[in-house]
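# Report on the structure
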Amino acid sequence: MKRPPIWDIIGLFLITRISLIAVTYFGYIFLTQAQYSGAPVPFSTFLQAWNNWDATVYIRIAKVGYQSHTDLAFFPLFSLLIAIIGRPFGPDNYLAIGMIISNVALLGLLFVLYQLAVDSGGELVGRRTILYLCIFPTAFFFFSAYNESLYILLMTGSFLALRKQYWWLAGLLGGLAAFTRNGGILLMAPYLWELWLAREQLFHSFWKLTRALLPILLIPAGLAIYAYYCWSQTGNPLYFASIQYHWSREFSWPWAAIWQAFFELFWNQPFGSFFQVHVLLDLSATLGFIVLLIIGYKKLRFSYTLWATLLMLSILFSSSLLQHDPLISNQRFVLEMFPGFITLAMLSANRPRLHEMIKWAFPILLATLSLLFVMGKWMV
């Protein structure tokens, strides 16, 4: 595989991190401080501005463990890493540690994703894929203490290991992904597909086949360990799924949430309402990535499309139909669908106007949504 442009990737990482820091600094001060005021704002205030929504839960779990049943919806690996790495520094620094873990994981993710994208479409596609991921409107979740970047790093790492037929490494990373988010269990499907593609090398030898097949058990093991913990606490090994009703998530047909979102957007919500804008963001992200998955079907390795399709279906099957925004959080969930970013990079390779539009539109939306998150607005 092609050697990644190390300094270019590091430069992209640093520029986007500095940009988010600038949004926090200027946006927070101008929107919260009195005009013509000389009063200082403590550095800790800027840091705490990123401690919103799910980040508060991951930090709380790292500090005191699972205290309420709703906490069990949050898988443990990210909080566990915060607690282990942050112990020498004390609980007061857990937020900073969580943000550092999230950003370091993003840096690793950029290197891994670049390799997958180059393998799919060449160097230009590789560079644009990681660019689009970093400037995507909800990429600020990679900056906060969310487990998104850790999860995607483990997941894409498993894919890269599969491409190189490092079966044990693929299984281990897949198991860790399943210990980070329940969607990690879906990695079993692309694992089996890649195993089938390598059948000519493996099926003629029982021992080679066994060594390649056994590591797949590590993937459900990650989920099983957490399921055992849930069972020990509640008597229900799938409590992490059952508790989703707290956020109005329940089984629904995939098209139900999309239909309801259109109803909310064009009929139920008055023009300019908060819910209308939120629905617009989640619906656009959902439909956009469905289109990218369809386009990418013939452009990408099938195991990539298989994974992303199963992930999209799992999200749509558990929509929040009882809320005004039935596709809530999809603007964040699509970050996990790396094949969509590769497809978008392929589409823009021969379409300079599309690339220019993305380069301008994505950062503007990213800055806007980042500022909303920092101000504690409903960006989950």
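Below is a summary of the structure that appears in this document. The shown structure was predicted, so the numbers you read here are calculated from the model rather than taken from an experiment. Along every chain, residues carry numbers that run from 1 in the direction the sequence is written. With pLDDT at 70 or above as the cut-off, local features in this predicted model cover only qualifying residues; side-chain atom pairs require 80 or more to be listed or tallied, and sums for whole chains, interfaces and linings still use all residues. The basis for the side-chain values is all heavy atoms of the structure; hydrogens and waters are excluded.

Over the atoms, a rolling probe the size of a water molecule traces out where space has been left empty. Points on a 1 Å grid, built from protein atoms alone, make a cavity when a 1.4 Å probe fits but cannot get out and make a pocket when they are open with protein on both sides within 12 Å along at least 5 of 7 lines; residues with an atom within 4 Å of a point are the lining residues. Grid points are joined across faces, edges and corners, and a volume is the space filled by probe spheres set on the points. Each pocket or cavity is described by its volume, and for the largest pocket that value is around 1,000 Å³. For the largest pocket, the lining is made up of 39 residues, of which Ala-73, Asn-182, Gln-244, Arg-249 and Phe-333 are closest to its centre. Secondary structure elements are taken from DSSP: a helix is a run of H or I of four residues or more, a strand is a run of E of two residues or more, and numbering for both begins at the N terminus. Of all the secondary-structure elements, those providing two or more residues to the lining of the largest pocket are α3 (54–64), α13 (239–242), α16 (302–316) and α17 (330–333). Polarity classes work like this: nonpolar for Ala, Val, Leu, Ile, Met, Phe, Trp, Tyr, Cys and Pro, charged for Asp, Glu, Lys and Arg, and polar for all others, with Gly in that last group. A class-by-class count of the residues in the lining of the largest pocket yields 22 nonpolar, ten polar and seven charged. Taken as a whole, the second largest pocket encloses approximately 470 Å³ of empty space. The wall of the second largest pocket is formed by 19 residues, among which Ile-21, Phe-43, Leu-47, Met-99 and Phe-143 lie closest to the centre. At the level of secondary structure, the elements contributing two or more residues to the lining of the second largest pocket comprise α1 (6–32), α2 (43–48) and α5 (94–121). For the lining of the second largest pocket, a count of residues per class yields 13 nonpolar, five polar and one charged.

This paragraph deals with the environment of Leu-20. Within the element layout of this structure, Leu-20 appears in helix α1. Take Leu-20: its relative accessible area is 3%, and that puts it in the buried class. For the pair Leu-20 and Tyr-58, spaced 38 residues apart in sequence, the C-alpha to C-alpha distance is 21 Å. Contacts of Leu-20, omitting those with residues within four sequence positions, involve Trp-50, Phe-140, Phe-143, Leu-366 and Ser-370. With a 1.4 Å probe rolled over the protein chains alone, any residue whose accessible area is under 20% of its type maximum counts as buried; one over 50% counts as exposed, and the rest are partly exposed. Whether two residues are in contact is decided by their heavy atoms: any pair within 4.5 Å suffices.

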